[in-house]
Amino acid sequence: MEHRSWAEPWKIKMVEPIELRTRDEREAAIERAGFNTFLLRSDEVYIDLLTDSGTSAMSDRQWAGLMLGDESYAGSRSFYHLVDAVRSVYGYEELVPTHQGRGAEHILSQILIRPGDVIPGNMYFTTTRFHQEHAGGTFVDVIIDEAHDPDSTHPFKGNIDLDKLAAVVDTYGAERVPYVSFETNVNMAGGQPVSMRNLADVYEFCRRHGILVMLDATRALENAYFIQQREGGYQDRSVASILREICSYSDGATVSSKKDNLVNIGGFLALRDPELAARARSLLVAFEGLHTYGGMSGRDMEALARGIEEMVAGDEHVRARVGQVEYLGNTLIKAGIPVVRPIGGHGVFLDAAAILDHLPQEHFPAQALAAAIYRDSGVRGMERGIVSAGRDPGTGENRHPNLELVRLTIPRRVYTQSHMDVVAESVMAVYERRHRVGGLRFVYEPEQLRFFQARFEELPA
Ligand SMILES: *Cc1c(COP(=O)(O)O)cnc(C)c1O
């Protein structure tokens, strides 16, 4: 037999009912939400692909861990379980627990960035860049050009362009560059991986210039899987060993545990240098919590430690996770829908600029497309384009990203292949009548991270 189907390496023990609201109810809901899918109530959503953040299904072993969590204020047993899990899976000695990823980004930015510093990174992430700028730094994008091209099929679109990085160091001097912010499986580029070769080259370059490398290792597991699938020499290596090697080319990492780590809340900063870790811990007590819980309860830390162990217990978990994303993506590609290629690790990114090519970027095509898909089927995605990019803090002008996308993000271990079929059919239906989708304008624009709470109205046709 040539082709064999694969299946998820789990079976379902408990179910959570979901409900499809009527067309009229959906119309009323999206109007009330100001055409912002973030402002819908989850009860109004049928299949929720807003984010894969904190939306994973935990295993029976993790749920059992909740009962065993140690809620001692100081020195919790669950904290030490977490320390052991991070040491053995990621290989970092020093663990600084935080309430979620942005807590770790805040602490890291505060201990390393001085006003006037420059932080090169491979495309920006919203909260990461916010904390770098909040600490007085300036973010400079040094990702390869292919990352900004939705049609480029480069296998490692997350890579850093070493010439761009060298130019930043030449222009500002190494002493103004405290670290390189190196994201694995770059979220804003569409979940696109970095290669091991690039990780090694960047680390070597930074060592020569006395610059640290700090990973955003939030999605490093999915990145490790892509290295196994795409990079020469890694086919026979376990995803666990590839993940360890990724982290070996860095001085530390911030992690949002709401993604790869299979829990609903949590995160951490991991470091090698005990002196840096001591500085992080002294800020931690002011902003997050004591250094042995940092914003998580004991049961959160227990479930997290177990999630970290589980995600690398075998390669089947990540193969099924990315496999489901690829299934949805390939279904859409076969139907001729413009999507970012190659299909990324955590979601399918619809090219809203190409789909709604009758709308200028100022009319928020991705925001409008996400609203149109919700109206059609109750499927919730989110905007990743000009609204998410925000305004330049210097000029106050809108930033114009090359990518104007709708992200359909797949939660881990939550939906089945039939749900993916329903989603694909809805996108195809909206695509058929794409010329009838109109643009939007702001009625409320928050100052920071505006995409979360902005409200819009439809432009007159
Ligand atoms: C989600 C995410 C973050 C922020 O983490 P939170 O837990 O939401 O604060 C940072 N970086 C990347 C790549 C992410 O996906």
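Residues numbered from 1 in each chain as written. Predicted model: local features only at pLDDT ≥ 70, side-chain atom pairs only at ≥ 80, totals over all residues. Heavy atoms only, no water.

### Observations regarding the domain arrangement of the protein chain
- According to the domain assignment, the protein chain consists of domain 1 (23-52 + 315-458) and domain 2 (60-311).
- One C-alpha centre belongs to domain 1, the other to domain 2; they are set 26 Å apart.
- Of the residues lining the interface, 34 residues belong to domain 1; the matching set on domain 2 comes to 41 residues.
- Where domain 1 abuts domain 2, roughly 2800 Å² becomes buried across the two surfaces, and 55% of that area is made up of carbon and sulfur atoms.
- With a closest N to O distance of 3.0 Å, Arg412 and Glu222 form a salt bridge. (Domains from an automatic or database assignment. Contact = heavy atoms within 4.5 Å. Buried area = accessible area lost by both parts, 1.4 Å probe. Salt bridge = Lys/Arg side-chain N within 4 Å of Asp/Glu carboxyl O.)

### Structural notes on the pairing of strand β6 (residues 212-216)
- Of all the five residues making up β6, four are buried; the element is thus mostly covered by neighbouring parts of the structure.
- Pairing between strand β5 (residues 179-183) and β6: five bridges, direction parallel. Bridge pairing in β6 places Ser181 opposite Met214.
- Crossover handedness for the path β5 to helix α7 (residues 196-209) to β6: right-handed.
- Sheet topology places β6 next to strand β7 (residues 252-256); three bridges connect them, and they run parallel. Following the sheet pairing, Asp216 is matched in β7 by Thr254. (Buried < 20%, exposed > 50% of the residue type's maximum accessible area, 1.4 Å probe, protein only. Helix = DSSP H or I, 4+ residues; strand = E, 2+ residues; numbered from the N terminus. Pairing = 2+ DSSP bridges. Right-handed = clockwise from strand over helix to strand, strands pointing away.)

### Some details on unusual backbone geometry
- Between Arg341 and the following residue, Pro342, the backbone shows a cis peptide bond with an omega angle of -10 degrees.
- A positive phi angle is found at Leu262, which is not glycine, with a value near 65 degrees.
- By the element assignment, Leu262 lies in the loop between β7 and β8 (267-271).
- Of note in this structure, Arg413 is not a glycine but carries a positive phi near 65 degrees.
- Following the sequence through the fold, Arg413 ends up in the loop between β12 (405-409) and α16 (417-432).

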